[in-house]
Amino acid sequence: MSLLETRDLTAHYRDFQALFGVNTRLEEGDTLAVIGANGAGKSTYLRSITGLLPGAPWSIVFNGEPIGHLPAAEIMKRGIALVPEGRRLFPSLTVEENLQVGAYGRTGDGAWNIAGIYSLFPRLKERRHQASTTLSGGEQQMVAIGRALMSNPRVLLCDEISLGLAPIIIRDIYQALPRIKATGTSVVIVEQDIQQAMKVADRLYCFQKGRISLAGSPAAFSRDEIHHAYFGTRQ
Amino acid sequence: MQQPRYRIETAVEATRIFAFAGIGLVVVLVLLPFFAGRGLVQDLIFVFYMLALAQLWNLLAGYAGLVSVGQQAFVGLGGYMLFAFTVYGGIDPLLAIVLAGVVAFLLAFPTALVVFRLRGAYFAIGTWVVAEVYRLVFAQVKPLGGGTGTSLSVGVINGLFGIDFLREVFGLRTSLARDMVMYWTALALAVGTVLVVYFLLRSRRGLGLAAIRDSEVAAESVGVDSFRTKLWVYVLTAGITGMVGALIYLQTARISPDAAFSVLQWTAYVIFIVVIGGIGTIEGPIVGVLIFYLLQNYLAGFGTWYLILLGALAIVIMLFAPSGIWGYVSARFNLVLFPLRRRLVRLNTEKVDSGE
Amino acid sequence: MNGWLNILIQGTLLGGLYALFAIGLSLIFGIMRLVNLAHGDLIVLAAFVILAVMTSFGVDVLTALAISLPVMFAVGFVLQYVILNRTLGRDILPPLLVTFGFSIIIQNGLQEAFSADSQRLSAGAIETASIQLGGGLAVGVMPLLTLLTAIGVIFALNALFYWAPLGRAFRATSDDPMTAQLMGIDNRRIFAIAMGIAMIVTAIAAFYLGIRANFDPSIGPARLIYAFEAVIIGGLGSLWGTLIGGIILGVAQTIGAHINPEWQILAGHVAFLVILLLRPRGLFPRAFD
Ligand SMILES: Nc1ncnc2c1ncn2[C@@H]1O[C@H](COP(=O)(O)OP(=O)(O)O)[C@@H](O)[C@H]1O
Ligand SMILES: [Mg+2]
């Protein structure tokens, strides 16, 4: 049994259908990479899993339990945490308060707590009492990841954590991934940047216009195949 | 291939039928006092001015997004101006109604200066504060009766334009002739208000209003001056509301600050009418006022329970059928009496519907 | 000279009462952007609840308040959870009209239950007790307690906001309700708790209102307006701003009443309008919105 599965997942924004029957599986301890062009439906996929978009009960199955119909707060309590696109820190909370609020609904029984986050991202410790709005983009991203980890999730979903960051900052952030995986957390990495994602992934899904255009082990595909699945070109 | 030509059209078949029926209805209403009883005539005066107030509030809240709970400011102001003009100016009451409207229109500008600094829900309470200020100020004006109020003398009311004419030509009693003149004035105000709202919404300004309602930012980006459009709607509404207020207190012939600036009477009831009938449509207030009239007739005797029922009804409708009774009917039967949507009509072939 | 000092002192103490009216309004606007047009009527409702507890259990006013606090919390929680949560969204009309409907229902319901007669909460000798400050100045014990209570309530709420997990959840939800859900925060519950807390403050306000003056079912809307004026004068930034707003309103009313007793309320409104014209965002506006 997979830890997290989507079965024929569909999603709508009013009349607009954004996902058309998406099937994915995530095994315990694995890292998934989800790639695709802008607007392919990657964020929608994560929003569905986290309960921000409502769906049918059995379209999302976590640990054998149907969760597609549950509200977001309930899903988080079961151990799925999201690092949202654009970070979405709480502006009136300090860095440390942002981290603390990440454990509001669930503390879990894992290793992550405030001290653990500060050792993962030492730069945050100096800034702990600053307003989150005063941080650089990279630091904000670290807070967003730390905030999601505070609940010791079984599944960590990351939506474009490299977006808008300088390459060396991206490297810093990705360096934290092995330590996160080492605690047993399963990870879903959503990226437009294929290279980053492929390096860390055990399994790859490519989205195109709300459908899965490619699925499998990253090593199994040629550049052309991925290129085609990503852009939908080739006559 | 021939280039298709288009025309923008708003009317549909049912609408044209309704337009003729509407004209017929107005004619019947004009002639009604000659054969209806006095009670009905007086009831209809009430229906007409509540309808006018409801249309105006609907224009403000339903179309311009200006949710005011302070329209009693202009009702009371109009009423007091009528008293001032007739008692101290010796002006004919009908002319005084118009002048009262002008005063309300003018005073709406400084009022807007204050309340337009508040947004959304705070605008609502701001308008209420202003109405309270008006009430407290008029309570200080001793020549107009101060806190206890004052009455119009019979002489002033019977000097109403047209009464003598009706008495001589039709041989009517003064009291009956007085009711008839007021009835026609109320009818004219109600029909006039409906037409003003209708044509305003069909004008360029009205299009701007619809754009603002959908998205203020987007509307501004295509050149709609949202502040000026809203201001214009606000002062226009205030002016007509002032005229309605003047008429109300001409009929009542007695005014006091607490009654004239009553939030229950001139705003709460009006809001119930609009919400129950259907906010954001011209038909809604018409339906709403008829329902309100029936409820008022049969249930007002229950006093507080009646008001509790009205409040509960408005809450239930707002929660479960926010487009009101008319919204339900028009969706169900695809019925539009006052066409405001524009449709693209292809002239050289058959009709195409382009949506809204 | 002493005359004006006295006015200033009395006005400040009156401001404590207005701040108590306003804190609940400020709180729920801050957390869920809801403007509650029934707020004033809920204050009056709380006063009647205290009165009813006093008469039916034969307890003194302080015990009655203690019993009424959880009752009012429950009223607020249920009102928000069952009804008001459904009205929240982009459109400002539903919450306004629904709370306006409640205003009418509460006023008339109270009149049905308790008649339109004026009532008062009796607290015994303390009602008229006062402290001599020398130089002919005196302050009433109850008005002084009112102001001190307002200050205490603000301290307590700030402690909740800045030290407790629940307070962080309030602030996070206020910032970004969507993302707050991802923290396991159930917005509907948080909003209901916030309304419950606002109703606790409301009951405290009602306690002082009922001891200080007569009340009847119709006086709610005026209390709403005072509360609203205090909030706007202070700016939507902080509860301390709301306290200052209440005090400015109280002083303005006291000055007006001193010139002409009929001008008390009007003077408060005028002060509000002047501040609105000069400082549209109030004296202590929020840093970001
Ligand atoms: N809130 C929304 N309302 C309407 N449409 C949306 C919304 N969010 C996303 N979409 C649409 O859904 C599709 C998928 O979007 P998204 O999942 O954000 O793509 P990605 O994350 O892959 O860039 C896009 O066509 C986008 O325009
Ligand atoms: Mg995305």
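### Things to note about the overall build of chain C
The number of helices and strands found in chain C is 11 helices and 2 strands. Along the chain direction, N to C, the helices and strands of chain C fall in the order α-α-α-α-β-β-α-α-α-α-α-α-α. A compact globule built from 289 residues should have a C-alpha radius of gyration of about 19 Å, and chain C, at 19 Å, falls within 12% of that. Seen along its three principal axes, the alpha-carbon backbone of chain C occupies a region of about 60 × 50 × 35 Å. The buried share among the 289 residues of chain C stands at 57%.

### Focus: the site of ligand 1
Residues and elements named next belong to chain A. Around ligand 1 sit Tyr 13, Phe 16, Ala 18, Ala 37, Asn 38, Gly 39, Ala 40, Gly 41, Lys 42, Ser 43, Thr 44 and Arg 47, and that is every residue in its neighbourhood. Contact between ligand 1 and Gly 39: an oxygen atom at 2.7 Å from a main-chain N or O atom of the residue. For ligand 1, an oxygen atom lies 2.4 Å from a polar atom in the side chain of Thr 44. Isolated, ligand 1 exposes 560 Å² of accessible area, and the fraction of that covered by the protein chains is 64%. Of all the secondary-structure elements, those providing two or more residues to the shell around ligand 1 are β2 (16-26) and α1 (42-50). Per-element tally for the shell around ligand 1: the top contributor is α1, with 4 residues.

### Regarding the nonpolar core
Grouped together as the largest cluster of nonpolar side chains are 251 residues, with contacts concentrated most on Tyr 45 of chain A together with Met 50, Trp 57 and Tyr 234 of chain B. Apart from the residues within four sequence positions on either side, Tyr 234 of chain B is in contact with Leu 60, Leu 66, Gln 71, Phe 74, Ala 108, Thr 111, Ala 112, Val 115, Phe 116 and Phe 123 of chain B.

### Thoughts on the pattern of salt bridges
Residues and elements named next belong to chain A. A full pass over the atoms with the stated rule returns 17 salt bridges over all chains. Asp 172 is the partner of Arg 171 in a salt bridge, and the nearest nitrogen-oxygen pair spans 3.9 Å. For Asp 172, a relative accessible area of 29% gives the class partly exposed. Here the salt bridges do not stand alone but share partners, grouping Arg 123, Arg 127, Glu 139, Arg 171 and Asp 172 into one network.

### Some remarks on the coordination of the magnesium ion (ligand 2)
Donor atoms from the polypeptide that coordinate the magnesium ion (ligand 2) comprise Ser 43 of chain A (OG) and Glu 85 of chain A (OE), at 2.0 to 2.7 Å from the metal. Here Ser 43 of chain A is found in helix α1, whereas its partner Glu 85 of chain A is found in the loop between β6 (80-83) and α3 (95-101), with 42 residues between them in sequence.

### Some details on the sheet that holds β2 of chain A
Residues and elements named next belong to chain A. Taken together, the 4 strands give an open sheet; going across it, the order is β2-β1-β4-β5, and neighbouring strands pair in antiparallel fashion. The two strands at the open ends of the sheet, each matched to only one other strand, are β2 and β5 (65-66). Across the sheet, α1 lies against β1 (4-13), β2 and β4 (60-62), angled at about 110 degrees from β1, the strand it touches most.

### Thoughts on the interface of chain C and chain A
Taken together, the 20 residues of chain C in the interface contact 20 residues of chain A. Of all residues in chain C, Arg 168, Leu 182 and Met 183 of chain C bury the most surface against chain A, accounting for 36% of the area lost on that side. Linking chain C with chain A are 2 salt bridges, by the criterion used here. Two residues, Asp 176 of chain C and Arg 88 of chain A, come together in a salt bridge whose shortest N-O distance is 3.1 Å. At the junction of chain C and chain A, the tally comes to 6 residue pairs in polar contact (both at pLDDT 80 or more). Of all the secondary-structure elements, those providing two or more residues to the side of chain C that touches chain A are α6 (165-175) and α7 (177-181) of chain C. Counting residues per element, the side of chain C that touches chain A draws most heavily on α6 of chain C, at 7 residues. Partitioning the side of chain C that touches chain A into residue classes produces 12 nonpolar, 3 polar and 5 charged.

### Brief notes about the interface of chain B and chain C
Contact residues are listed per partner, giving 41 residues for chain B and 41 residues for chain C. For the chain B and chain C pair, buried surface summed over both sides reaches about 3,700 Å², with 84% attributable to carbon and sulfur atoms. Contact with chain C buries surface across chain B, with Arg 117, Tyr 122 and Trp 128 of chain B losing the most and accounting together for 19% of the total. At the junction of chain B and chain C, the tally comes to 1 salt bridge. As a salt-bridge pair, Lys 142 of chain B and Glu 262 of chain C come within 4.0 Å of each other at their nearest N and O atoms. Among the secondary structure elements, those contributing two or more residues to the side of chain B that touches chain C are α2 (38-63), α4 (93-115), α5 (120-139), α13 (263-277) and α15 (304-320) of chain B. Per-element accounting of the side of chain B that touches chain C gives the leading share, 13 residues, to α5 of chain B. Class assignment for the residues of the side of chain B that touches chain C results in 32 nonpolar, 5 polar and 4 charged.

Conventions we followed
- Residues numbered from 1 in each chain as written.
- Chains lettered and ligands numbered in written order.
- Predicted model: local features only at pLDDT ≥ 70, side-chain atom pairs only at ≥ 80, totals over all residues.
- Heavy atoms only, no water.
- Helix = DSSP H or I, 4+ residues; strand = E, 2+ residues; numbered from the N terminus.
- Rg over C-alpha atoms; globule rule 2.2 N^0.38 Å.
- Buried < 20%, exposed > 50% of the residue type's maximum accessible area, 1.4 Å probe, protein only.
- Near = heavy atom within 4 Å.
- Polar contact = N/O pair within 3.5 Å; in protein donor to acceptor, adjacent residues only side chain to side chain.
- Areas by Shrake-Rupley, 256 points an atom, 1.4 Å probe, with all protein chains shown as cover.
- Core = buried A, V, L, I, M, F, W, Y, C linked by side-chain atoms within 4.5 Å.
- Contact = heavy atoms within 4.5 Å.
- Salt bridge = Lys/Arg side-chain N within 4 Å of Asp/Glu carboxyl O.
- Donors = N, O, S within 2.8 Å, 3.2 Å for Na, K, Ca; no water.
- Pairing = 2+ DSSP bridges.
- Axes fitted to C-alpha atoms, helices over the stretch in contact; angles between N-to-C directions.
- Buried area = accessible area lost by both parts, 1.4 Å probe.
- Nonpolar A, V, L, I, M, F, W, Y, C, P; charged D, E, K, R; others polar.

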